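Coordinates in review
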Amino acid sequence: MADAAGGMATRARGHRAADVSVGQRSGRRHPLVAAAMALPPAALLTIVFGGWEAVVTQASSVAGMLGR
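What this report covers is the structure whose coordinates are included nearby. (Residues numbered from 1 in each chain as written. Predicted model: local features only at pLDDT ≥ 70, side-chain atom pairs only at ≥ 80, totals over all residues. Heavy atoms only, no water.)

1. A word on the overall build of the protein chain
If you tally the helices and strands in the protein chain, you get four helices and zero strands. Counting from the amino terminus, the protein chain carries its helices and strands in the arrangement α-α-α-α. Here the protein chain, with 68 residues, has 3% of them falling under the buried criterion. Surface exposure of the protein chain reaches about 6300 Å², of which carbon and sulfur atoms provide 65%. (Helix = DSSP H or I, 4+ residues; strand = E, 2+ residues; numbered from the N terminus. Buried < 20%, exposed > 50% of the residue type's maximum accessible area, 1.4 Å probe, protein only. Areas by Shrake-Rupley, 256 points an atom, 1.4 Å probe, with all protein chains shown as cover.)

Structural data, given as structure tokens:
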């Protein structure tokens, strides 16, 4: 019971459970690692749900605005 109370007190101070674990590094993930994790599922969802045309349209709109 003492372990549960200690964990509750740690989380109450704003720490996540992963920060308390032994052997876990605290800190932020590198942006390239985050992109490498996010892009494959995003591409899969784009292909599965047929949103490729919307992506191309948005990209061309942004390119047009940057070209001005």
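Next, the rest of the story.
2. Quick notes on the side chain of T46
Take T46: it is sitting in helix 3 (residues 31-49). Leaving out residues up to four positions away in the same chain, T46 has contacts with G51, W52 and V55. (Contact = heavy atoms within 4.5 Å.)

Just geometry here; none of it tells us what the structure is for.
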